[in-house]
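Summary of structural features
Residue-level listing of the chains:
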Amino acid sequence: SQTIHQWPATLVQPVGSPLSLECTVEGTSNPNLYWYRQAAGRGLQLLFYSVGIGQISSEVPQNLSASRPQDRQFILSSKKLLLSDSGFYLCAWSRDRVLTDTQYFGPGTRLTVL
Amino acid sequence: GQQLNQSPQSMFIQEGEDVSMNCTSSSIFNTWLWYKQEPGEGPVLLIALYKAGELTSNGRLTAQFGITRKDSFLNISASIPSDVGIYFCAGKGEYNFNKFYFGSGTKLNVKP
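Read on for an overview of the structure. (Residues numbered from 1 in each chain as written. Chains lettered and ligands numbered in written order. Predicted model: local features only at pLDDT ≥ 70, side-chain atom pairs only at ≥ 80, totals over all residues. Heavy atoms only, no water.)

On to the overall build of chain B, then. If you tally the helices and strands in chain B, you get 0 helices and 11 strands. Its helices and strands in sequence order give chain B the pattern β-β-β-β-β-β-β-β-β-β-β, from N to C terminus. Counting across all 112 residues of chain B, residues that qualify as buried make up 46%. Within chain B, residue pairs in contact and separated by at least 24 positions form 54% of the contacts whose partners lie at least 6 positions apart. A total of about 5,200 Å² of accessible surface is found on chain B, and carbon and sulfur atoms cover 51% of it. Computed over 9 positive and 9 negative side-chain charges, the separation of the two mean positions in chain B equals 8 Å. (Helix = DSSP H or I, 4+ residues; strand = E, 2+ residues; numbered from the N terminus. Buried < 20%, exposed > 50% of the residue type's maximum accessible area, 1.4 Å probe, protein only. Contact = heavy atoms within 4.5 Å. Areas by Shrake-Rupley, 256 points an atom, 1.4 Å probe, with all protein chains shown as cover. Lys, Arg positive; Asp, Glu negative; His and termini not counted. Charge placed at Lys NZ, Arg CZ, Asp CG, Glu CD.)

This is the structure in structure tokens:
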């Protein structure tokens, strides 16, 4: 069966510090991978998605970036965090099927920027 | 981009009552998904729908893919306190097969 992992689970960082969040998927190959951000009590905002190694689509211009160095690894980064980067970051994967696709989420990373 | 309107935004109900929520899109979708999210956790997939008119159940939950392909409904029968959470709809359209669009969520509160 497939599982998706995110770490760390929680993170407190000062403004201006760098960020690296990691997501890995097990039990499947060539998944589509996604990063979402969720503000408190709000919906999901798609940040990046990737259909393959090295292929990144950015949805929202911001000071975050994403990379996919391996098939089942997706990384969210920032060189300098802003207060507004605080939130709940969710990684997700899907099977890239046109007609019967489903998306599964990881447990999330709670980021607090002080 | 695609707009998904989910309603209601929140609900306060008594244990044992039935619940209905819905999502509408501005364009045709090929896939509708319903999720439940509990505080501090990632959304968990409840039901997936792939055909117009499809009605699918998962325990006390039933979801339908609207015939117009622009809406979907989720019903919860005989609610219990553990149904508390935020329910999200999500859909995938005809033209960008890689992106899912999400509703803003329905926050469900159940009074014992």
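Another point: the state of the cysteines. Evaluated as defined, the whole model comprises 2 disulfides over all chains. Covalent S-S linkage joins Cys23 of chain A and Cys91 of chain A, the inter-sulfur distance amounting to 2.0 Å. The disulfide joining Cys23 of chain A to Cys91 of chain A has a torsion of about -75 degrees about its S-S bond and is therefore left-handed. With Cys23 of chain A in strand β3 (residues 19–26) and Cys91 of chain A in strand β9 (residues 87–94), this pair connects stretches of sequence that are 68 residues apart. Just as Cys23 of chain A is buried, Cys91 of chain A falls in that class too. One disulfide in the model links Cys23 of chain B with Cys89 of chain B; its S-S distance is 1.6 Å. With the S-S dihedral at roughly -70 degrees, the linkage between Cys23 of chain B and Cys89 of chain B falls on the left-handed side. Residue Cys23 of chain B is found in strand β3 (residues 19–25), and its partner Cys89 of chain B is found in strand β9 (residues 85–93); the two are separated by 66 residues along the sequence. Residue Cys23 of chain B shares its accessibility class with Cys89 of chain B, and that shared class is buried. (Disulfide = S-S within 2.5 Å.)

All names here are of chain B. For Ser72, the location among the structural elements is in strand β8 (residues 71–76). Reaching out from Ser72, the side chain makes a polar contact with the side chain of Trp34 at a distance of 2.9 Å. Here Gln64 takes part through its backbone oxygen, which lies 2.8 Å from a polar atom of the side chain of Ser72. (Polar contact = N/O pair within 3.5 Å; in protein donor to acceptor, adjacent residues only side chain to side chain.)

Here the focus is the interface of chain A and chain B. Each side of the interface is counted separately: chain A has 27 residues, and chain B has 20 residues. Here chain A and chain B share 2 salt bridges between them. Across the pair Lys99 of chain B and Glu59 of chain A runs a salt bridge whose closest N-O atoms are separated by 2.6 Å. At the junction of chain A and chain B, the tally comes to 6 residue pairs in polar contact (both at pLDDT 80 or more). At the level of elements, β4 (32–38), β5 (44–52), β9 and β10 (103–105) of chain A are the ones that each hand at least two residues to the side of chain A that touches chain B. (Salt bridge = Lys/Arg side-chain N within 4 Å of Asp/Glu carboxyl O.)

What follows concerns the packing of aromatic side chains. Evaluated as defined, the whole model comprises 12 aromatic pairs over all chains. When the ring of Tyr36 of chain A is compared with that of Phe102 of chain B, the centres are 5.3 Å apart and the planes differ by 80 degrees; the resulting orientation is edge-to-face. On the criterion of chain membership, the pair formed by Tyr36 of chain A in strand β4 and Phe102 of chain B in strand β10 (residues 101–102) is interchain, its members lying in two chains. No difference in accessibility class separates Tyr36 of chain A from Phe102 of chain B, as the two residues are buried. Every member of this aromatic cluster is reached through a ring pair, and the members are Tyr34, Tyr36, Tyr49 and Phe105 of chain A together with Tyr35, Phe100 and Phe102 of chain B. (Phe/Tyr/Trp six-rings, centres within 6.5 Å; stacked < 30°, edge-to-face > 60°.)

What follows covers the sheet that holds strand β1 (residues 4–7) of chain B. All names here are of chain B. Strand order in the open sheet formed by 5 strands is β1-β3-β8-β7-β6, with antiparallel pairing between adjacent strands. The sheet is open, and its two borders are formed by β1 and β6 (55–58), each paired with just one other strand. Across this sheet, the average inter-strand angle for adjacent strands is 15 degrees, counted without regard to direction. Where β3 meets β8, 6 bridges bridge the pair, whose relative direction is antiparallel. Looking at β8, one finds that Ser20 is bridged to Asn75. (Pairing = 2+ DSSP bridges. Axes fitted to C-alpha atoms, helices over the stretch in contact; angles between N-to-C directions.)

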